[in-house]
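One letter stands for each residue in the lines below.
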Amino acid sequence: MGEQVRATLHGLLHVRPAPGAHRVALRAGVSVLVPLLAVLAAGRPAWSVYAVFGAFTSLYGRNHVHLSRAAMQASAGAALTGTVVLGVLVGALPSRAWVAVAVAAAVAALGAVLAAAQDWHPPGPLFLVFAFGAVASAPHAVSDVPVAAALAGSSALFALLVGNVGSVLRRERSRPARLAHVWTWQPVRYALAVVLAGGVATAVGIGHPYWAMVAAVAPLSAAGVTAQLVRAAHRILGTLLGLLTSAVLLAPALSPYATVLVVAVLQIVTELLVGRNYGLALLFITPMALLMGQLAVARPAGQLLYDRGVETVIGGIVGGAIVLCEPWLRARFAAGPLDDGVGPDT
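Now for a look at the structure at hand. (Residues numbered from 1 in each chain as written. Predicted model: local features only at pLDDT ≥ 70, side-chain atom pairs only at ≥ 80, totals over all residues. Heavy atoms only, no water.)

### Points about the overall build of the chain
Broken down by element type, the chain carries 15 helices and 0 strands. When the 346 residues of the chain are sorted by exposure, 52% land in the buried category. Of the roughly 15000 Å² of accessible surface on the chain, a fraction of 71% belongs to carbon and sulfur atoms. (Helix = DSSP H or I, 4+ residues; strand = E, 2+ residues; numbered from the N terminus. Buried < 20%, exposed > 50% of the residue type's maximum accessible area, 1.4 Å probe, protein only. Areas by Shrake-Rupley, 256 points an atom, 1.4 Å probe, with all protein chains shown as cover.)

### Focus on a nonpolar patch on the surface
A cluster of nonpolar side chains, Leu86, Leu89 and Val142, forms an exposed patch at the surface whose accessible area comes to about 240 Å². Looking at where Val142 falls in the secondary structure, it is placed in the loop between α6 (126–136) and α7 (145–163). (Patch = residues over 30% accessible without salt bridge, like charges linked within 9 Å, V, L, I, M, F, W, Y side chains within 5 Å. Salt bridge = Lys/Arg side-chain N within 4 Å of Asp/Glu carboxyl O.)

### Focus: the side chain of Ser31
Among the structural elements, Ser31 can be located in helix α2 (residues 21–41). For Ser31, a relative accessible area of 0% corresponds to the buried category. Excluding anything up to four places from it in sequence, Ser31 contacts Ala55, Ser58, Phe158, Ala159 and Val162. (Contact = heavy atoms within 4.5 Å.)

### Here's the deal with the packing of helix α3 (residues 48–55) against α7
Taken N-terminus to C-terminus, the directions of α3 and α7 make an angle of 35°; their axes are 7 Å apart at the nearest point. As for the relative orientation of α3 and α7, their crossing is right-handed in sense. Side by side, α3 and α7 meet where Tyr50, Ala51, Gly54 and Ala55 of the first sit next to Val147, Ala148, Leu151, Ala152, Ser155, Ala156 and Ala159 of the second. Each residue belonging to the contact of α3 with α7 can be placed in one class, and the counts come to 9 nonpolar, 2 polar and no charged. (Axes fitted to C-alpha atoms, helices over the stretch in contact; angles between N-to-C directions. Left-handed = near helix turned anticlockwise from the far one by under 90°. Nonpolar A, V, L, I, M, F, W, Y, C, P; charged D, E, K, R; others polar.)

### Here we look at helix α11 (residues 225–250)
In this model α11 runs 36 Å from its N-terminal to its C-terminal C-alpha over 26 residues, within 8% of the 38 Å that 1.5 Å per residue would give. The axis of α11 is deflected most strongly, by about 25°, at Leu244. (Expected span 1.5 Å × (residues − 1). Bend = angle between axes of the 7 residues up to and from the residue.)

### A short note on the nonpolar core
In terms of nonpolar packing, the biggest core is built from 86 residues, with Leu36, Phe53, Phe56, Val84, Trp120, Phe130 and Val194 touching the most fellow members. Once residues lying within four places of it in the same chain are set aside, the contact partners of Phe53 are Leu80, Val84, Phe130, Ala131, Ala134 and Val135. (Core = buried A, V, L, I, M, F, W, Y, C linked by side-chain atoms within 4.5 Å.)

### A short note on the pattern of salt bridges
Overall, the coordinates contain 1 salt bridge when judged by the stated rule. Across the pair Arg189 and Glu326 runs a salt bridge whose closest N-O atoms are separated by 3.2 Å. Separated by 137 residues along the polypeptide, Arg189 in helix α9 (residues 185–203) and Glu326 in helix α15 (residues 326–333) bring together distant segments of the chain. Looking at Glu326, the relative accessible area reads 7%, which means it is buried.

### Observations concerning helix α12 (residues 256–273)
Compared with an ideal rise of 1.5 Å per residue, which puts 18 residues at 26 Å, α12 spans 26 Å between its outermost C-alpha atoms and is within 8% of the ideal. By the burial criterion, the buried members of α12 are Thr259, Val260, Val263, Ala264, Leu266, Gln267, Thr270 and Glu271. Buried residues of α12, seen end-on, are gathered within an arc of 165° and therefore sit on one face of the element. In this structure, the buried side of α12 is in contact with α2, α11 and α13 (278–296). (Arc of directions from axis to C-beta.)

### Considering the packing of α11 against helix α14 (residues 301–324)
Following both chains from N to C, one finds α11 and α14 inclined at 175°, their axes separated by 9 Å at the closest point. Considered as vectors, α11 and α14 are oriented roughly antiparallel to each other. Contact residues: α11 offers Val225, Gln228, Leu229, Ala232, Arg235, Ile236, Thr239, Leu240, Leu243, Ser246, Ala247 and Leu250, while α14 offers Ala301, Leu305, Arg308, Gly309, Thr312, Val313, Gly316, Ile317, Gly320, Val323 and Leu324. Split into classes, the residues belonging to the contact of α11 with α14 amount to 14 nonpolar, 7 polar and 2 charged. (Parallel < 35°, antiparallel > 145°, perpendicular 65-115°, else oblique.)

Structure below.
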């Protein structure tokens, strides 16, 4: 136990090298900036939530090249677009809060299977849960589905083109995707994290339960117990410190165009840091998420900061508890082979 604590503390402060991060950061920044500017130019800032989650396609395959990255981003972009549409349909329901928790759990479970089968990097269903939860948290009409699908799909396609423009200049063989072994427990642990975190946040009436769901899911895709515990601690501590940077950026009530430019810069900085130290990256992820929300629907900054902090703590604790209780939980829920390559550190 003492060794586990020391390893976790070391992981909290360790800053790893991240070669090539500048290329990933620029691709992500452009992929987010252009669709958001297009939405503003059309005079439809409320549509920004559809565009931005399609643009998250750019975050996949950072360590892959050309055709291999294109294949991964194509599957991730399709999944993100479908998840946005699902969020619109749930958001169209008259009473959606608890339905959103249940559907988010299904998104987490199915997303875990898809991510493993397609060997996504980053692994796991984090961005799918984020996309669904954010879209479903706002009221929609069924008539919004075509717009949501078109914008998310177009943004995903644009991100795919930005991320793979080099393949036009240099042909490379695609690495065959590694079909990750999916065992019964993996989808269950993600769904359980969403149900517990989302259920608690919804029950106590906090305004953005999906933030708790995302925080609970975030640690589970790391490889090994130590990395998962570090990720949970980073999520909590980095977000709480990120509320300070968020308060500074929310205070001036930036114009929509200025907000988009700041979001693009924050996306670039995030990608420069996320491979080095997740906690540091959250100093910029936190204000980026809040500013994106403000772009679609402006809300009082103080309430946003409070909701983000409380829900992240709830989700981070739930995620960390699942990691610590995993041996017991596996014995109760796992019905298949237990070796998926993600387990206690060796």
